[in-house]
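So the chains spell out like this:
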Amino acid sequence: MAAIEGGDQLGRTMEQARQARRRLRGTTEMTIAVESVRFLTINAAEVAFELRFPTEPLSRLPVTGTAVLIDGAWKVARQTYCKLVESLGVQCPPTTP
């Protein structure tokens, strides 16, 4: 959760996404490979990456999303994470200040 913008508010969402993935594929194993990074501003970058599922050798999901710089650390933008879990039928909660 530390690698996601606002991840401290997404614990329940992350658990629901794991359960949904387990139901759909029987596993939650996955690796992420960054393919390219294009800086949009000093604090934001477009990142092309691929989700790879080791138990399914030919199963790879290419994704393009955003990373943001927060307090000196690059994180997956909340919008990118929420778009991914929505594909599993999981909704992110509204943001809280």
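Scroll up to find the structure.
No experiment lies behind these values; they were computed from the predicted model shown.

1. Section: the nonpolar core
Ile 4, Leu 10, Met 14, Ala 17, Ala 20, Tyr 81, Cys 82, Val 85, Val 90 and Cys 92 form the largest nonpolar core, which has 10 residues in total. Where this core is concerned, the elements lending two or more residues are helix H1 (11–25) and helix H2 (78–86). By size, the runner-up hydrophobic cluster in this structure holds 6 residues, among which are Leu 51, Phe 53, Val 63 and Ala 67.

2. Focus: the state of the cysteines
Here the structure, examined in full by the defined rule, presents 1 disulfide. Two residues, Cys 82 and Cys 92, share a disulfide whose sulfurs are 2.1 Å apart. Looking down the S-S bond of the Cys 82 and Cys 92 bridge, the torsion is -105°, so its handedness is left-handed. You can see Cys 82 sitting in helix H2 and its partner Cys 92 sitting in the segment after H2, a full 10 residues away along the chain.

3. Topic: a nonpolar patch on the surface
A cluster of nonpolar side chains, Val 34, Val 37, Phe 39 and Trp 74, forms an exposed patch at the surface whose accessible area comes to about 420 Å². By residue number, the principal contributor to the nonpolar patch is strand S1 (residues 31–41), which donates 3 residues. Checked against the element boundaries, Val 34 lands in strand S1.

4. Regarding the environment of Gly 72
You can see Gly 72 is positioned in the loop between strand S3 (60–70) and strand S4 (73–76). Judged by its relative accessible area of 69%, Gly 72 is exposed. Note: C-alpha distance between Gly 72 and Glu 15 (57 residues apart in sequence) is 27 Å.

5. Describing the pairing of strand S2 (residues 44–52)
Counted residue by residue, S2 has 7 buried out of 9 residues, so it is predominantly covered. Between S1 and S2, which pair antiparallel and follow one another directly, the connecting turn spans 2 residues. Pairing between S2 and S3: 9 bridges, direction antiparallel. From the neighbouring strand, Ala 44 faces S3, where its bridge partner is Val 68.

6. Quick look at the packing of aromatic side chains
As enumerated under the stated definition, the model contains 1 aromatic pair in all. With a centroid separation of 5.7 Å and an interplanar angle of 65°, the aromatic rings of Phe 39 and Trp 74 are classed as edge-to-face. You can see Phe 39 sitting in strand S1 and its partner Trp 74 sitting in strand S4, a full 35 residues away along the chain. With relative accessibility at 39%, the residue Trp 74 sits in the partly exposed group.

The rules behind each value
Residues numbered from 1 in each chain as written. Predicted model: local features only at pLDDT ≥ 70, side-chain atom pairs only at ≥ 80, totals over all residues. Heavy atoms only, no water. Core = buried A, V, L, I, M, F, W, Y, C linked by side-chain atoms within 4.5 Å. Buried < 20%, exposed > 50% of the residue type's maximum accessible area, 1.4 Å probe, protein only. Helix = DSSP H or I, 4+ residues; strand = E, 2+ residues; numbered from the N terminus. Disulfide = S-S within 2.5 Å. Patch = residues over 30% accessible without salt bridge, like charges linked within 9 Å, V, L, I, M, F, W, Y side chains within 5 Å. Areas by Shrake-Rupley, 256 points an atom, 1.4 Å probe, with all protein chains shown as cover. Salt bridge = Lys/Arg side-chain N within 4 Å of Asp/Glu carboxyl O. Pairing = 2+ DSSP bridges. Phe/Tyr/Trp six-rings, centres within 6.5 Å; stacked < 30°, edge-to-face > 60°.

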